[in-house]
Amino acid sequence: MKKSILLLNVLIISLFFFSCETEEVIINEANNVENENSISKKKITFDLIDLLGNTEFNTNVINTLSNNHTPGIKLSELLEKNTFISDKKAYSSLKNIVDQADERLKSKELPDQIEIPELWLQKPNSKSINYDNLLISYAPEGDEESWTNIEAYTLDKQKVYLDIKEIPNVPVLVIETKGYETLKAEVDYMNKQLQSAGLQNNRFSPNKMDLSPSSKSNNGLETTKLDKIKLNNDEEPWISGAAEIYAITSGIKNANNEAEVKIIPMYYLDYDGTTYYPNQIMLFWDDYKYQAANIQLFEKDDNYNYKQLVTIIVDGIFQIVGTVYGQPWVNVLGQVAGAILQAMPDEWYTNNDDYVDSLYTIQKNKTYTNHVGARGNATVSLSPLFISSN
């Protein structure tokens, strides 16, 4: 009898370890598939180096990036402006990469991950810049806490290593595949998923982008706009470039205490420690039954794709749906914002990049001047704005 029990225990333990091992293999295989489908920034690096050997192309790229006022420029746009070297093998290689990325976005099915190759230029902290010393680089893989150095290449394809925190004393052309342009596409998909889940109206649909109020009784649109914002310095690695910040706004849309949630990109909010004056509409009061809403700020985390993020948000909110019916709406408003935060990955709270701050219970028709968020990381000024209908 004891032998039977012993054998049974051994079998159970063996099955447990086999299950864990199998699960680990499945996870690793899934990660490998995603990595295999990812765009190779190293390949882009070497193709670019081949093309930068052409003086005219080199000058055009440097001038375009130097005069650019957005966080990055699509690689496809740079190629389209320099078709005079389209006969080069490296040009065809890069064109194939950007075309494949574009095709994934045109698919009727939502892509598992979105990657859009773009470039930006890191200039040294000096008045005179020698572009003969230009380096090509990209952010390392994995969590930035594990980074020890940054790999870069000279124009003759020699590998060098750069410090993570110190800005190099030479110009660096940085390759990005999950930056500014990717965020724009992801936000669009995320809002569509929220609409499908019943957590968002159709205000952001193409035929509603005139921002006309949904209520026919109104003669205009009542909103709250963001006049000014500043984030504290989080000492991000320079290779990460401009921040990809977005807001999640939430409010109560009906007497059943159902939530209305929107993702609003903040493309201009590039760097911490800088004050911005966006004049950006954040809250559309026609969307809510009550005169208060939340604004929560996050930075895009490349370790989580947009599908995972929306699932996290939807699951977090729906977990409280059955528990809030009949409660005072103002209590539910706080619980919706809390559900969003609680559903986010734990590691987001150890890194200022991922969870930035929360502005709770922002009221309609109220002006906020130098209002500090709950986390103390964001300082904002907000004001009511009435937009008359035509």
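Scroll up to find the structure this text is about.
Keep in mind that what you see is a predicted model, and the values were worked out from it rather than measured.

Draft legend 1. Spotlight on the sheet that holds strand β3 (residues 135–138). One open sheet accounts for six strands, arranged β1-β2-β6-β3-β4-β5; its pairing is mixed. Because the sheet does not close on itself, it has two edges, and the strands there are β1 (73–74) and β5 (159–162). As defined by bridge partners, strand β2 (residues 118–122) adjoins strand β6 (residues 172–176) across five bridges and the pair is classed as antiparallel. Residue pairing in the sheet places E118 in a bridge with E176 of β6. The sheet contacts of helix α3 (residues 55–66) involve β1, β2 and β6, and relative to β2 the element is tilted by about 80°.

Draft legend 2. The arrangement of the packing of aromatic side chains in detail. Under the definition given, this model contains six aromatic pairs. Residues F46 and Y153 carry aromatic rings whose centres are separated by 5.0 Å and whose planes lie at 70° to one another, so their mutual orientation is edge-to-face. Placement of F46 in helix α2 (residues 41–52) and of Y153 in strand β4 (residues 150–153) is noted, with a sequence separation of 107 residues between them. A residue is classified by how much of its surface remains accessible, and Y153, at 4% relative accessible area, is buried. Where Y180 meets Y267, the ring centres are 5.5 Å apart and the plane angle is 85°; that geometry is what we call edge-to-face. Here Y180 is found in helix α6 (residues 180–196), whereas its partner Y267 is found in the loop between β9 (259–266) and β10 (275–276), with 87 residues between them in sequence. Looking at Y180, the relative accessible area reads 12%, which means it is buried. When its relative accessible area of 26% is taken as the criterion, Y267 is described as partly exposed.

Draft legend 3. Examining empty space enclosed by the protein more closely. Under the definition given, this model contains three cavities of 30 Å³ or more. Counted as a void, the second largest cavity has a volume near 50 Å³. Looking at the second largest cavity, the residues that line it are P71, E118, W120, E176, G179, Y180, S240, G241, A242 and E244. Here the residues of the lining of the second largest cavity are counted per class, giving four nonpolar, three polar and three charged.

Draft legend 4. Up close: the sheet that holds β9. Strand order in this open sheet of four strands is β9-β8-β12-β13, and the pairing throughout is antiparallel. Because the sheet does not close on itself, it has two edges, and the strands there are β9 and β13 (355–363). The mean inter-strand angle of the sheet, taken between neighbouring strand axes irrespective of direction, is 20°. Where strand β12 (residues 292–299) meets β13, six bridges bridge the pair, whose relative direction is antiparallel. Residue F298 lies in a different strand from β13, and its bridge partner there is Y355.

What counts, and where the lines are drawn
- Residues numbered from 1 in each chain as written.
- Predicted model: local features only at pLDDT ≥ 70, side-chain atom pairs only at ≥ 80, totals over all residues.
- Heavy atoms only, no water.
- Pairing = 2+ DSSP bridges.
- Helix = DSSP H or I, 4+ residues; strand = E, 2+ residues; numbered from the N terminus.
- Contact = heavy atoms within 4.5 Å.
- Axes fitted to C-alpha atoms, helices over the stretch in contact; angles between N-to-C directions.
- Phe/Tyr/Trp six-rings, centres within 6.5 Å; stacked < 30°, edge-to-face > 60°.
- Buried < 20%, exposed > 50% of the residue type's maximum accessible area, 1.4 Å probe, protein only.
- 1 Å grid on protein atoms, 1.4 Å probe; cavity = no way out; pocket = protein on both sides within 12 Å on 5 of 7 lines; lining within 4 Å.
- Points joined across faces, edges and corners; volume = space filled by probe spheres on them.
- Nonpolar A, V, L, I, M, F, W, Y, C, P; charged D, E, K, R; others polar.

That's the geometry; what it means functionally is another story.
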